[in-house]
Amino acid sequence: MAGELAEEVWQDREIKFDQPPQMLKLRKGEFQIDSINSVEDTKGNNGERGILIVTNLRLMWTSAKASRTNLSIGFSSVSSVNIRTVNSKLRGNSQALYVMTRFNSTRFEFIFTSLVKNSPRLFTTVQAVFKSYETTKLYRDLKLRGAIIRDKELIMLPNEQVYEKINGIWNLSSDQGNLGSFIITNVRTVWFAVLAENFNVSIPYLQMKSINVRNSKFGQALVIETTASSGGYILGFRADPVEHLEEVHTQISNLWKIFSQTPIFGVEYTIEEQQGDAKENFVPRQEDDVQIMEGDDIEPCLLYQPDGEKEIDREPVYNQELGLAVERLKEGTTLQTLWSIV
């Protein structure tokens, strides 16, 4: 018997530029925390006013002029959030929010400036939500050998509920197997060894790709495969007595299906100063009634490369167009695109 669910979560793990409006719609379990009007994308669209949406998974900025000009920045890609002084076309020298990120081994820098004077909401909300995201990773990330068990009891997460603890579960990661216990909750399945509780694994339902019962050299085994973003692990477990295996498989599969319909990402934050419910302040996005013409414009991601951050100087080469020796350009970059930035 096999179980498999689709739609791996990308919203908190990826950075996307200039996406169709449907890509900015909230997924299951994602909710809007704040909507901040009059925010300038100072790094990539200096002088352009837009709206910044803060959710429990990402930041989304959309231009007020054209909704196709937008950003989606997952919190998992964010390395730091700081406040610095910047030169804005709309506000001059003012404090701005610097969001440093890394995605697919590439660094990106985003700068957002609030055009509303004496309003700290941009800074306080984003910093607080990012902190909440960073401190709730066990809801979303697979964890091996973590400090999650104390005196053979699970250290509970906020809003976590234990449904069952099952003894006599063997982890089949070694030739002999290791005897331990399952703790099944509403957000994850945890296994830990009886003789060494620091030998454990916490598997959030969010990172499960499939759950099956298969034959192994140990007999019938429960096999949990995790998503590629969590390492693509294949974890095998055997129940003692073996009759319990199908019951365990059914219980975990059912909870996984329920979680997939109403996922819990763990991030919680309430806007106290904002009047009304966040849903009431949600600004619906409408797709522009224009045809998007593909041209030779510069790739949007090139606009957000950090200033002064080069890994190594590239060797100089002679450029016939300029009649000068210049540093070899990055792959995919031309002189025309560099002039377009200016």
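Quantities reported herein were computed from a predicted structural model and do not represent experimental measurements. (Residues numbered from 1 in each chain as written. Predicted model: local features only at pLDDT ≥ 70, side-chain atom pairs only at ≥ 80, totals over all residues. Heavy atoms only, no water.)

Enquirer: A description of the pairing of strand 5 (residues 58-63) should follow, citing residues and the corresponding values.
Expert: As a general feature of sheets, a regular strand has side chains that alternate between the two faces. Extensive coverage of strand 5 is indicated by the burial of six of its six residues. The two faces of strand 5 match: Arg58, Met60 and Thr62 on one face and Leu59, Trp61 and Ser63 on the other face are all buried. Two strands pair when backbone bridges link them, and strand 4 (residues 49-55) and strand 5 are joined in this way by five bridges, in the antiparallel orientation. Bridge assignment links Val54 to a residue of strand 5, and that residue is Leu59. From the end of strand 4 to the start of strand 5, which pair antiparallel, there are two residues. (Buried < 20%, exposed > 50% of the residue type's maximum accessible area, 1.4 Å probe, protein only. Helix = DSSP H or I, 4+ residues; strand = E, 2+ residues; numbered from the N terminus. Pairing = 2+ DSSP bridges.)

Enquirer: So what's going on with the pattern of salt bridges? Residues and values would help.
Expert: Taken as a whole and assessed by the stated rule, the structure comprises 10 salt bridges. We note a salt bridge from Lys165 to Glu153, for which the minimum N-O separation is 3.8 Å. Residue Lys165 is located in strand 13 (residues 162-171), and its partner Glu153 is located in strand 12 (residues 153-154); the two are separated by 12 residues in the primary sequence. Overall, the relative accessible area of 35% leaves Lys165 in the partly exposed class. For Glu153, a relative accessible area of 46% translates into the label partly exposed. (Salt bridge = Lys/Arg side-chain N within 4 Å of Asp/Glu carboxyl O.)

Enquirer: Account for unusual backbone geometry, with residues named and values stated.
Expert: With an omega dihedral of 10°, the bond running from Asp240 to Pro241 counts as a cis peptide bond. Along the chain, Pro241 falls in the loop between strand 19 (234-239) and helix 2 (244-261). In this structure, Arg145 takes a positive phi of about 50° despite not being glycine. With respect to the element layout, Arg145 can be found in the loop between strand 10 (143-144) and strand 11 (149-150).

Enquirer: Explain the nonpolar core to me, using residue names and the numbers behind them.
Expert: Among the nonpolar cores identified, the biggest contains 32 residues, and Phe182, Leu222, Phe237 and Ile252 are the most heavily contacted of them. Setting aside residues up to four positions removed in sequence, Ile252 forms contacts with Phe182, Ile184, Thr189, Tyr205, Met208, Ile211 and Leu222. (Core = buried A, V, L, I, M, F, W, Y, C linked by side-chain atoms within 4.5 Å. Contact = heavy atoms within 4.5 Å.)

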